[in-house]
Amino acid sequence: MLWQLGLTTLAAFGAWKWSSSQEQTISYAGIAIPPQAVVIDPRAYNVLGEHGSFRQNSFTEFFNPTNTSPPFFQIFHPEFLRVLGDRPTIRTIASRPGTIFAHEAPVWFPESDEVFFGSHCQGPEGWRDCRGNNFMSKISMREVKDAVRAAGTKYGAPLNITVTQLETPEVRQKTWGATGPYRSSLILINSGNVDHPSSLALMNPAPPYNVTVLFDNYYGRQFNSLNDGKIHPKSHKIFVTDPTYGFLQHFREPPTLHNQVYRFDPDTGHVRVVSDELIRPNGLAFSADGNTAYVADTGAAIGFHGRNQTLPATIYEFDVNPKTQVFENKRVFAYIDAGVPDGIQLDKFGNVYSSCGDGVHVWNHDGVLIGKFFVGQVSCNIVFAGDGNLIILSGDQVFLAEVAAGGIKLAYP
Ligand SMILES: *[C@@H]1O[C@H](CO)[C@@H](O)[C@H](O)[C@H]1NC(C)=O
Ligand SMILES: *[C@@H]1O[C@H](CO)[C@@H](O)[C@H](O)[C@H]1NC(C)=O
Ligand SMILES: *[C@@H]1O[C@H](CO)[C@@H](O)[C@H](O)[C@H]1NC(C)=O
């Protein structure tokens, strides 16, 4: 209802842009628009007209009709205001120009209040050179919070906190996913390399960062390149996706398995397939009750072989069979308008977040796009580091969004 009121005169939605010289909150028809935010009424762009400028490419041209400089919040629906709260901020907290140090595998370790993550390929050519291992780093949320406090009320003022690169064992090769913690260790999903199998492993979050591999084969065959995963909130079994990106980025041998989602039982060692219905299964998350699974299909991204916009860039929703935990009743949850959906997280309101081509997109439970954390470049993964702190990995930068939302439980016994 509130939204209806707010929309009646939204023809000039550009007028809602927050200017960095202002500190006050702009309110319109009862909706308080926080700093660093723009409101975009879908109806204001439903007709672009015969001379409209249409996008050709979702990977290189983004939807930013207010032409606002990133990072900022795009509000498509008033439900996003609940996610943001009254005084949200979004800013860079660490940057390494020219180095994809913050690519994937973010995981928060609550005990030390640190966030761990992995780089992309380590070679001098970054994305073009995937022969070496990637490296893992960590940041301290205590240092982040101190730096944010010191920056005061300067909304979005960029910071550059300490990034500590870790010495990790050789067996950890190309960590593309992480979650947990699980039994006080981080869960790592390692894509592997030409001479190292893909694996699911535990890593000690303290020095010497020792690693124990839980599995690295399906009854003798290597996985394609394990990519991402989560612990199921009820059964505590570990679910992982296995697309062929290692081969498509020239660091794995030709695949020998169908692209699938697997369930691993850490107690019995059993592994089984729970879904074979996706072209390139990528990010994965469960609803808090464990009854629903969300899986990203990044079919449209074909590694070094380019992109095909007619293939899925889609998050699918499944029922999780209560007995077998097979993913059933596949249906579209959201089709991404910028790049492909990569990592997925849920917040405590039941909203679904995914890192995409221009930042992080947020949908409500019904799959309606309610807002974006628009950073203007690819984000591959995200994690809540406690209530109110969303960490956004974006290649050569890490962003922090301070919001009202918090994540759901990812850690298990
Ligand atoms: C942030 O600090 C790192 C390490 O000192 C440095 O390499 C990097 O260039 C800094 N970023 C910016 C934007 O200055
Ligand atoms: C790391 O090593 C310690 C000491 O040997 C051991 O207790 C722990 O289980 C190991 N953790 C992992 C994840 O390998
Ligand atoms: C894109 O994918 C579709 C569906 O698989 C296929 O028919 C088409 O040839 C592909 N286009 C290109 C340019 O590869």
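Since the structure is predicted, the reported quantities are computational estimates derived from the model, not experimental observations.

### Digging into the confidence of the model for the protein chain
When the pLDDT values of the protein chain are averaged, the result is 91; 91% of them are 70 or greater. Across residues 1-25, confidence stays below pLDDT 50; counting only partners more than four residues off in sequence or on other chains, it has 51 contacts.

### Structural notes on the side chain of Ser-225
Counting through the fold element by element, Ser-225 comes out in the loop between strand 13 (211-215) and strand 14 (228-231). Given the relative accessible area of 1%, Ser-225 is considered buried. In terms of polar contacts, Ser-225 uses its side chain to reach the backbone amide nitrogen of Gly-246, at 2.9 Å. Contacts of Ser-225, omitting those with residues within four sequence positions, involve Ser-191, Ser-198, Thr-241, Asp-242, Pro-243, Thr-244, Tyr-245, Gly-246 and Arg-252.

### Considerations on the site of ligand 2
Around ligand 2, the neighbouring residues are Ser-185, Leu-202, Met-203, Asn-204, Asn-210, Val-211 and Thr-212. The separation between an oxygen atom of ligand 2 and a polar side-chain atom of Asn-210 is 2.3 Å. Side-chain polar atom of Thr-212 to an oxygen atom of ligand 2: 2.6 Å apart, as the coordinates give it. Calculation on ligand 2 without its partners gives an accessible area of 360 Å², and the protein chains cover 43% of this total. Elements with a minimum of two residues in the shell around ligand 2: strand 12 (199-203) and strand 13. Considered class by class, the residues forming the shell around ligand 2 number three nonpolar, four polar and no charged.

### Here's the deal with unusual backbone geometry
Between Pro-70 and Pro-71 the backbone carries a cis peptide bond, its omega angle lying at 0°. Following Pro-207, the chain continues into Pro-208 via a peptide bond in cis, with omega recorded as 10°. Assignment of secondary structure puts Pro-208 in the loop between strand 12 and strand 13. Phi at Asn-67 takes a positive value of approximately 55°, unusual for a residue other than glycine. In this fold, Asn-67 is placed in the loop between strand 3 (37-39) and strand 4 (72-75). You can call Asn-67 exposed: its relative accessible area is 65%. At Asn-329, a residue that is not glycine, the phi angle is positive and equals roughly 55°. The residue Asn-329 is located in strand 21 (residues 327-335) in this model.

### Observations regarding the state of the cysteines
Scanning the entire structure with this criterion turns up one disulfide. The disulfide that involves Cys-121 links it to Cys-130, with 1.9 Å between the sulfurs. Taking the sign of the torsion about the S-S bond as the criterion, the disulfide between Cys-121 and Cys-130, at about 65°, is right-handed. Both residues of the pair, Cys-121 and Cys-130, belong to the buried class. For Cys-356, which is in no disulfide, the shortest distance to another cysteine sulfur is to Cys-380 and amounts to 10 Å. For Cys-380, a relative accessible area of 9% translates into the label buried.

### Details of the environment of Ile-392
Take Ile-392: it is sitting in strand 27 (residues 389-394). Between the C-alpha atoms of Ile-392 and Asn-381, which are eleven residues apart in sequence, the distance is 6.4 Å.

### Concerning the side chain of Ser-119
Relative to the helices and strands, Ser-119 resides in the loop between strand 7 (114-118) and strand 8 (136-140). Looking at Ser-119, the relative accessible area reads 0%, which means it is buried. Sequence-distant contacts of Ser-119, defined by excluding residues within four places in its chain, comprise Ile-100, Phe-101, Ala-102, His-103, Asn-134, Phe-135 and Trp-176.

### Re the nonpolar core
Within the largest apolar cluster, 24 residues are counted, with the highest numbers of intra-cluster contacts made by Phe-80, Tyr-353, Phe-373, Leu-390 and Ile-392. Broken down by secondary-structure element, the contributors of at least two residues to this core are strand 3, strand 4, helix 2 (79-84), strand 24 (359-363), strand 25 (369-374), strand 26 (381-384), strand 27 and strand 28 (397-402). No other element matches the four residues that helix 2 contributes to this core. With near-sequence residues (within four places) excluded, Phe-80 lies in contact with Phe-73, Gln-74, Ile-75, Val-362, Ile-370, Gly-371, Lys-372 and Phe-373.

Criteria and thresholds
- Residues numbered from 1 in each chain as written.
- Chains lettered and ligands numbered in written order.
- Predicted model: local features only at pLDDT ≥ 70, side-chain atom pairs only at ≥ 80, totals over all residues.
- Heavy atoms only, no water.
- pLDDT = per-residue confidence, 0-100.
- Contact = heavy atoms within 4.5 Å.
- Helix = DSSP H or I, 4+ residues; strand = E, 2+ residues; numbered from the N terminus.
- Buried < 20%, exposed > 50% of the residue type's maximum accessible area, 1.4 Å probe, protein only.
- Polar contact = N/O pair within 3.5 Å; in protein donor to acceptor, adjacent residues only side chain to side chain.
- Near = heavy atom within 4 Å.
- Areas by Shrake-Rupley, 256 points an atom, 1.4 Å probe, with all protein chains shown as cover.
- Nonpolar A, V, L, I, M, F, W, Y, C, P; charged D, E, K, R; others polar.
- Disulfide = S-S within 2.5 Å.
- Core = buried A, V, L, I, M, F, W, Y, C linked by side-chain atoms within 4.5 Å.

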